Amino acid sequence: SLDTVDLSFNPDTCERPLGDSAAALVASALRDNYHVTDLNLADNDITIVGVRHLCTMLSFNDNSLTRLNLSRNQDLGPDAADALARVLATHRALTDVDVSYNYFGEEGVRYLLDRAVRPRLLLRRLNIEGCRCSRPTYRAAGVLTKSHACCPGLKPKLMEYIEVGKAPGSGLTLDYSGYPKDLTVDPDDPAYDEAAEVVGMMIQDDTRLDTLCFADNFLGDRGCEILGKWLASYCKLTCLDLSNNRIGERGVMALIELVKHRYELVDIRIEGNPVSDAMKAQLKFYLQYNYLPLEFKKTLIAIEGGPQPGASEDLPSPSITGPSAPTAVTEVDFSAVAYPFDDVSAGFLVRSLGCCPTVTSLNLSNTHLSLKGLRAVCDLLGAKPAAAPPPTSPLSSGTAKALPVKFLGLSNILIDGCGAEAAKVIAELLSCNTTLTHLTLRGNGLFHGPAATQVLAALSDALWLNNTTLTLLDLRDNAEEFRPVLSDPLAAEPPDHGPEVLRLLDAVKLNSHLCVKRSLPQLRANSVTDLDFSGGAHGDSCAQALCQALLQNTSLRRLNLSRNALTDDGVLGFAAVLARPQAGLTELDLSGNRLTAVSCAVLAEGVLGNAGLRVLSLRENCIGEDGVRHFEKALAVNSTLTDISFEGNPIAPTHAEDIDRLCLNTQPLLKTALPLLQPGSLNSVTALEFSQGPETAVNVLPSPENHRTAGEESSRKRCTHNDVTCKLLAPLLLDNTTLHTLSLSNGAAVTDSGVLELCDALALNRGIRVLLLANNGLTDRSAQALAGALLVNPTLTEVDLRANLVSDEGAAAVVSSLEINHTCSRFDLAMNSLSDGMVAQLGLMQELNRQPFALKELVLSAFASMGNPVPKQPLINLRWGGGASSDQRIFNDTSCEILRDLLLARPGMAAVWGGVRPCVPRLTSLDLSDNRITDSGADVLLEICSSFTTLHTLNLRGNQLRASMPWYEFARTNPTLTSVDLSGNPKLDTFTVERVSQLFELNRHPPQLKDAVLVLLEGGFAEEVVVNCLTIPELRKALPRFEGARDGLIRPEGAIVDPADAEEFLLDLQYQRLAMSARSAQLLVSTYLQQRLTVTIVRLAHNRIGDEGAAAFASYMAEMRCPLRILDLSDNGIGDSGALAIAQAVLERHRLMEREQQLNAASSSSFSAPNTPPDDEEDEEGQPNARRKRLDTLESLGLAQNFLSDTSTGALVEMAWACDTVTQLRVEGNFLSEIGVYRCQLAAASNRQPPAIRRALARAVRDDPTLTEVNFSGFVGKGLWNRDALHLLLQTLRENTHVKTLSLKYDDLTGEDAALFAQFIRKACYLEELDLSCNPLGPRVVELADELRGNTTLRRLNLSCCGMGEDQAWGVASMLRVNSTLLSVDLGGNPFGPKGCRFLIEAVKGNDTLEELSVVGVTPEISRPMLDELDAALLRHPSSPKNASR
């Protein structure tokens, strides 16, 4: 069922608000509905008419609806409120009514209160916000409705109070104690705390209320907090009774906060509540605040960080400054308050200050503070608890803490006559306090009477012994003699007031120089060795205090008083200090002060009898020449002062020699060494080492006698050194050539100025080799000066500037000088502030100076052009053989590494010059012969070779290589390096060196050649070598980019230019790699084929070996052991001379082997079987003898596409006919005639036939006059005949004039063979007899017959048993009608029958020369009459025999 009806207007979902008619409909719908409990009609346009409809509905239905919302119906006025009030007075269910933001006004709200709220106790919430009523009316509505919800028993009293509140009055007392006693409810119910909110809401604006009793009401902590919240801002209560409730500590804290807010509240009763006595005491303590002056209370609360209480009138308050936050009070000043501040006030202040850790200034001057209050304040600031502490503040921790107060004002307080006791209290404060810096005690009469001395002693002891922070103490107006202010320690001192006064004054002053004051006890106890007071502005008084302490001290060794503005008065005491025999001071620094010659006189007096002082610094004072002279006499006697400095004083340059002489007296070892460096000295010093050390470590310089015996032995000396040492040594080094090593390391006194003096001398010195200046604090100036000296000094080889202050700027100058200087191989700048790039650059330049100059020149030139745009990297040849460098230095493995980093543009090399890549040249030739390169350097060189495709020559002859296998492996894969010389390395075997050189030489030739050679070397018994390169069209396409390429031919090797012309050489090298040259062939034959006798096939087509390469192969093939079977030299530019050389070599080898065979046969003939035929004869089958040995191995020779002419044809044909193994001879594509090509091919093809056929063909080719008949009948049955044999036979007989008879019976000739015979007869034929019987020639016999029509040589023709039919018979008959030379024709055994015979008879009748025509065995059988007719036709010829047809 629906229990909530929301008809409020929403512009997003409703078109317009509801009106009175809609309200009437809703009222009628809800009249009998008992399920709806919530009706919302807010934000509509309902008027009094609609409200009346709703009221009528509510009068009938008074049991279900509990909530009604009519807010924001803007036309509702007092009449609507009156109608609602009448219904609410009788309705039994409504508890929540919202009529906010209507136009009820004061009248309408009063209607609701009088008629609805007061009589009934059901309505718990009535929202009349925005109904334009008065504040009391609005509050009364809230009080009455809320009281019904939380405290119904209190509601009658509240209504009574509201009625009373209408009448004027004052001093009103409200007693709401015990209102829930008549109710049986749980005492712990939180509703009792809400009753406090109702009461607070009711009385918040009532200024007449004086006392509120709320005892016995089960009020808890939350209720106290609520009540305190309502009463803190408005109420003027003076008494609040909350006894016998449930208030705990949290509630008491809320009441304390209420007390802080309300100044009028002086009595709060909390008896009978479960709270501790301590909390009760705290509440009681804070109630006392309201008995204090209001401004004082404000100050205390501000100090504690609490709220400011309200005040009924404006009264002056103490000055409290600090940040806006209440907990950040920094200054408290009670010196000008309008109320008396006494010891009681001091007690409250002390307790509040214990809660504020931020107060730094406390001024209690001009108050009524006596000794008791003073002791309380001093105990707080000194962190000493009082004897009987009062209750602590609730915000404090309960323990006393020292405050960070820096200023304390106690002037003009009531302690006059209590000077000793007050001084004791203040002394205890100064002894314990660690923050107080300013203390004013002016006008207190502390020093009146006989106790003045005790007061001074107490204060002095506290300041000297325990206090280190107080820097200003104002004691004016305490006695007649204390008129000045003891404040600024640098101010002029007051007149003498006696020792106790001065002691107190010094104690205050030394607190401004705490380090000095703290060191005085240590000096008196001899427990300190070093004191540094530099830059502290301590003044003469501190110096005098130190002098007094030093008179009894024996442990201090080093004292630094520089930059303290000391005058001569402050130094006066040092004369006595230095003159003491027990004085242990060794270093005294007085630089940066205001000392004059007077101080020099005092110090010189002390130095005169001193035996321990080593260092005295008087730099940057006001000392003139007179002050320097004071030390001359003292230093003449003193032998321990080794360092005295006057830099920065107003001393004229003309007196610099006096200072130098003064310093020379402080360096006895230097004074001893200087005469030995004079030009005419007999002693020769080769090394001087100046370093700080004890005198006992110093060796005596050699005497002249020792010098003569020891020769050039170095004498190393040690002494303390500084810039003066450098200045005195510099002029002696100009012409000195014996001193080779000068060490000035570890001298903190050597600065840039001293090094500049040395560098001026080094520019002309030609003796010093080693200069050591490490650990001296030198800067870039020294590095730049040394760099300038290196530009002109050719002898300095080592400079040490380690552990100085040199930066990249100085190192850059050194690098620039090392680019020009070639002798300095070590310039050490380790442990300086250098970047990684600069360290790498400096290291590279040092290493380059240890390498040959040629390498350095290459590196510098590469980086010199790195900023210039280079269109193409240059090609260079590096000839760095032993002794080739101008400085005669030898290349080593490091040289190779530098060269690699440069040529390969390694990141490390680029980083040396700021990440810029150098202009790396393209290397073409590298000569490093006769150096000291080992396998490590060889590995680096291999890396270079593998990266440079332009490098073609590498010479490593005469080095120290041991491993050859890396070179062999590299030679296998490298395609560019053409010449590598590894000879002269004693640890490499000769065979490997030669083999490596050969492999690299192969890179001059086509890559296919190298691949084939590697197969020969690594493949074991390889039988075939194939190097096929470019054909003529491909070569012509590839060559146009090469200058001088013509007709697709390679230039001869003589055209290769000098390798010095690198570009031309590389061009020729690429040119050579396109195809094999004559040198390639010679290398292949001489180096590999003659050593590897397993190769039987060599294919070198499409190369350019020419006649010289062919000659190389000819020389190889002439050897008896040559195993070549196939040689393909097609398309190689070979001419007649090359072909003749090969043919002659093969023939010569054939003759040699034939002669050898004959000798072997003759020697073994006596052992042969009697019936065994000779080796060169055939057996009865016509096959060659199985015992016959092969005289030749060459089977195929390819010379196609070369430049052969008919001049070489005879030799090639003779070779082919002589060597029966040559079965293929390719010569097509040359300048040969057709007959020449024919003869060569015929000779080679004949070698593929059986010996019987081959011999006949050979005789026929030679036109042997004894050969008149060729009979190959029946060779098919013997397996000796084939179609190729027929072709060869016909080609051979084409030009032969002696063979007259040819018989080919039973050879399985076909019709195609008949066509061949027809072509043979047509072109050239000298035959007289032709026998083709017993062959299946078939229909194509007609072609043969047609060719015989005009033949004039053939006399006899046998075509019997050839399968001729009637058509063929007709063809033969046609031929016989016109042929006039045939005498005999045999056509027997053919199936042309009587019809064919008829054709023949008719032909014979017209032929006058035919004598015989045989038709025996013709099928079908010919009749006798037809035969007789044929005979009759033949008998007409006079010479014809009878019965010729039979």
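Residues numbered from 1 in each chain as written. Predicted model: local features only at pLDDT ≥ 70, side-chain atom pairs only at ≥ 80, totals over all residues. Heavy atoms only, no water.

Some details on the overall build of the protein chain
Stated precisely, the cut-off is as follows: In this description a helix means any DSSP run of H or I spanning at least four residues, a strand means any run of E spanning at least two, and both kinds are numbered starting from the N terminus. For every residue, the accessible area obtained with a 1.4 Å probe (protein chains only) is divided by the maximum for its type, and the residue is called buried under 20%, exposed over 50%, and partly exposed between those limits. By definition in these notes, contact holds between two residues if any of their heavy atoms fall within 4.5 Å. Residue exposure ignores everything except the shown protein chains as possible cover, and the areas themselves are Shrake-Rupley values with a 1.4 Å probe.
Along its length, the protein chain carries 51 helices and 40 strands. Of all 1446 residues assigned to the protein chain, the portion counted as buried reaches 51%. A fraction of 80% describes how many contacts in the protein chain between residues 6 or more apart in sequence connect residues 24 or more apart. As displayed, the protein chain has an accessible area near 63,300 Å², and 52% of this comes from carbon and sulfur atoms.

So, the sheet that holds strand S2 (residues 38–40)
The cut-off we apply is this: The criterion for strand pairing is that DSSP finds at least two bridges linking the strands in question. In this analysis, axes come from line fits to C-alpha atoms, helices being fitted only over the stretch in contact, and the angle between any two N-to-C directions falls in the range 0 to 180 degrees.
Strand order in the open sheet formed by five strands is S1-S2-S3-S4-S5, with parallel pairing between adjacent strands. With partners counted over all chains shown, the strands left at the sheet margins are strand S1 (4–6) and strand S5 (125–127), one partner each. Each neighbouring strand pair of the sheet contributes to a mean axis angle of 0°, computed without reference to strand direction. By the bridge criterion, three bridges tie strand S3 (residues 67–69) to strand S4 (residues 96–98) in an arrangement that is parallel. If you follow Asn 69 over to S4, its bridge partner there is Asp 98.

A short note on the nonpolar core
Heads up, the condition is: Residues grouped as a nonpolar core are buried Ala, Val, Leu, Ile, Met, Phe, Trp, Tyr and Cys residues, joined through side-chain atoms within 4.5 Å.
Residues Trp 967 and Phe 1113 are the most contacted members of the largest nonpolar core, which totals 216 residues. Contact partners of Phe 1113, with chain neighbours within four places excluded, come to Ala 1081, Leu 1084, Val 1085, Leu 1089, Val 1098, Leu 1100, Ile 1105, Leu 1127 and Leu 1129. Listed in part, the 102 residues of the second largest apolar core include Ile 268, Val 332, Val 350 and Leu 446.

Describing the side chain of Ser 562
We count it as follows: Definition of a polar contact: a pair of N or O atoms within 3.5 Å, with one able to donate and the other able to accept a hydrogen when the atoms are protein atoms, and with sequence-neighbouring residues admitted only if both atoms are side-chain atoms.
Within the secondary structure, Ser 562 sits in the loop between strand S17 (558–560) and helix H19 (568–571). A polar atom in the side chain of Ser 562 sits 2.8 Å from the side chain of Asn 560.

Quick look at unusual backbone geometry
Of the consecutive residues Thr 1419 and Pro 1420, the connecting peptide bond is found in the cis state with omega at -15°. Mapped onto the elements of the fold, Pro 1420 is located in the loop between strand S40 (1412–1414) and helix H51 (1424–1435). Phi at Asn 366 takes a positive value of approximately 60°, unusual for a residue other than glycine. Mapped onto the elements of the fold, Asn 366 is located in the loop between strand S12 (361–363) and helix H13 (371–381). Of the residues examined, Asn 366 reaches a relative accessible area of 47% and is grouped as partly exposed. Of note, the phi angle at Cys 1361 is positive, near 55°, even though the residue is not glycine.

Digging into the sheet that holds strand S9 (residues 267–269)
Pairing is parallel in the open sheet, where four strands are placed in the order S6-S7-S8-S9. The sheet is open, and its two borders are formed by strand S6 (172–175) and S9, each paired with just one other strand. With direction set aside, neighbouring strand axes in the sheet form an average angle of 10°. Judged from the three bridges that link them, strand S8 (residues 239–241) and S9 form a sheet pairing that is parallel.

Notes on the packing of aromatic side chains
Operational definition: Working definition: rings of Phe, Tyr and Trp (its six-membered ring) pair if their centres are within 6.5 Å, and the pair is stacked with planes under 30 degrees apart, edge-to-face with planes over 60 apart, and tilted otherwise.
Under the counting rule described, the total for this entry stands at seven aromatic pairs. Ring centres of Phe 970 and Phe 1000 lie 6.0 Å apart, and the angle between their planes is 45°; this geometry places the pair in the tilted category. Of this pair, Phe 970 sits in helix H35 (residues 965–973) while Phe 1000 sits in helix H36 (residues 990–1001), placing them 30 residues apart in sequence. You can call Phe 1000 buried: its relative accessible area is 0%. Taken together, a centroid distance of 6.1 Å and an interplanar angle of 15° make the contact between Phe 1203 and Phe 1231 stacked. Of this pair, Phe 1203 sits in the loop between strand S33 (1196–1198) and helix H43 (1209–1218) while Phe 1231 sits in the loop between strand S34 (1224–1226) and helix H44 (1234–1246), placing them 28 residues apart in sequence. Judged by its relative accessible area of 59%, Phe 1231 falls in the exposed class.

Brief notes about the pairing of S6
What you see with S6 is a clean split: Leu 172 and Leu 174 sit on the buried side and Thr 173 and Asp 175 on the side with no burial. Bridging between S6 and strand S7 (residues 209–213) involves four bridges; their strand directions are parallel. Looking at the pairing, Thr 173 lines up with Thr 211 of S7.

Focus on the pattern of salt bridges
Definition in use: Should a side-chain nitrogen of Lys or Arg be within 4 Å of a carboxyl oxygen of Asp or Glu, the pair is scored as a salt bridge.
Throughout the structure, instances matching the rule amount to 36 salt bridges. When the shortest N-O distance is used, the salt bridge between Asp 96 and Arg 125 registers 2.7 Å. With Asp 96 in strand S4 and Arg 125 in strand S5, the pair connects residues that are 29 residues apart, well separated along the chain. On the basis of relative accessibility, which here comes to 13%, the residue Asp 96 falls in the buried class. Taken together, the salt bridges that share partners define one network made up of Glu 798, Asp 800, Arg 802, Arg 826 and Asp 828.

Here we look at H35
Note the threshold: Arc definition: it is the arc formed by the directions from the helix axis to the C-beta atoms.
Taken together, the buried positions of H35 are occupied by Trp 967, Tyr 968, Phe 970 and Ala 971. Buried residues of H35, viewed axially, fall in a sector of 165°; they line one side.

Some words on helix H30 (residues 836–850)
Cut-off, in case you're wondering: Between the first and last residue of a helix there are one fewer steps than residues, each counted as 1.5 Å, and that sum is the expected span.
Between its first and last C-alpha, H30 extends 21 Å over 15 residues, near the 21 Å set by a 1.5 Å rise per residue. Buried within H30 we find Met 838, Gln 841, Leu 842, Leu 844, Met 845, Gln 846, Glu 847, Leu 848 and Asn 849.

Notes on the packing of helix H42 (residues 1136–1163) against H43
Put simply, the test is: Should an angle fall under 35 degrees it is called roughly parallel, over 145 degrees roughly antiparallel, and 65 to 115 degrees roughly perpendicular, with every other angle called oblique. Crossings are classed by handedness, with left-handed meaning an anticlockwise turn of the near helix from the far one by less than a right angle and right-handed meaning a clockwise turn. Basically, the charged four are Asp, Glu, Lys and Arg, the nonpolar ten are Ala, Val, Leu, Ile, Met, Phe, Trp, Tyr, Cys and Pro, and anything else, Gly included, counts as polar.
Here H42 crosses H43 at 25°, and the two axes come no closer than 9 Å. Judged by the angle between their axes, H42 and H43 are roughly parallel. Crossing of H42 over H43 shows left-handed handedness. Between H42 and H43, the residues in contact are Ala 1139, Leu 1140, Ala 1143, Val 1146, Leu 1147, His 1150 and Arg 1151 and Ala 1211, Leu 1212, Glu 1214, Met 1215 and Ala 1218, respectively. Of the residues in the contact of H42 with H43, the class split is nine nonpolar, one polar and two charged.

Points about the packing of helix H31 (residues 853–864) against helix H32 (residues 893–903)
For the pair H31 and H32, interaxial distance at closest approach is 11 Å and the crossing angle is 15°. With respect to H32, the element H31 is oriented roughly parallel. Here H31 and H32 pass one another in a crossing that is left-handed. Of H32, the residues touching H31 (which contributes Leu 855, Leu 858, Val 859, Ala 862 and Phe 863) are Ser 895, Ile 898, Leu 899 and Leu 902. Grouping the amino acids of the contact of H31 with H32 by side-chain chemistry returns eight nonpolar, one polar and no charged.

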